[in-house]
Amino acid sequence: MSTAPAKSSRKAQIDAVLLKLPGASARVINGLDAYYVSDRMFACISGEGVGLRLPAAAATELQFSRNDVVPFQPRGVTSSREWVQVNRADAADYEKDLELFRASLEYVKSGGNR
């Protein structure tokens with residue numbers, strides 16, 4: 001049994017949320033589906049979740065305040081403190097995180113913590 005259709009459908013649902021943000025575009029980098037603004041990655045699909053970049057303090061707060069937010073570890077490798085992952089069983093539920101994704105896009109677009 002193949003999971004390709006489910007994966008494709010999941011990506012399409014995530015695309016529907018993230019690509020409606022002004023200036024967002026999608027690319028594949030190192031085999032991961034990633035989302036960019038101004039040539040900088042602000043989000044990335046990894047495993048059963050979506051990683052996103054936020055100021056370190058906001059990322060830390062989310063990890064303590066929400067059960068569905070964990071440290072971002074693409075392929076098991078720990079990322080920086082600015083990256084967290086939001087896990088949703090149903091990809092359509094990422095619509096509920098639209099403001100969070102918008103904050104990530106704006107943070108990266110403004111230069112973030114270069």
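Look up: the structure comes first, before these words.
To start, this report covers the structure provided alongside it. Quick caveat, the model's predicted, so the values are computed rather than measured.

**Quick word on the nonpolar core**
- One finds Ile14, Leu18, Leu21, Phe42, Val50, Tyr94 and Phe101 to be the most contacted residues of the largest nonpolar core, which totals 26 residues.
- Among the elements of the structure, helix H1 (4–18), strand E2 (32–37), strand E3 (40–46), strand E4 (49–53), helix H2 (56–65), strand E6 (83–87) and helix H3 (98–109) are those that each provide at least two residues to this core.
- Per element, the largest residue contribution to this core is 6 residues, and it comes from H3.
- The contacts of Leu21, once residues within four sequence positions are left out, are Phe42, Leu98, Phe101, Arg102 and Leu105.

**Side note on the pairing of strand E1 (residues 25–29)**
- Two strands pair when backbone bridges link them, and E1 and E2 are joined in this way by 5 bridges, in the antiparallel orientation. From the neighbouring strand, Arg27 faces E2, where its bridge partner is Ala34.
- The hairpin turn running from E1 into E2, its antiparallel successor, is 2 residues long, and Asn30 in that turn takes a positive phi close to 50°.

So, how was this worked out
- Residues numbered from 1 in each chain as written.
- Predicted model: local features only at pLDDT ≥ 70, side-chain atom pairs only at ≥ 80, totals over all residues.
- Heavy atoms only, no water.
- Core = buried A, V, L, I, M, F, W, Y, C linked by side-chain atoms within 4.5 Å.
- Buried < 20%, exposed > 50% of the residue type's maximum accessible area, 1.4 Å probe, protein only.
- Helix = DSSP H or I, 4+ residues; strand = E, 2+ residues; numbered from the N terminus.
- Contact = heavy atoms within 4.5 Å.
- Pairing = 2+ DSSP bridges.

So far we have only geometry, and geometry alone does not tell us how the molecule works.
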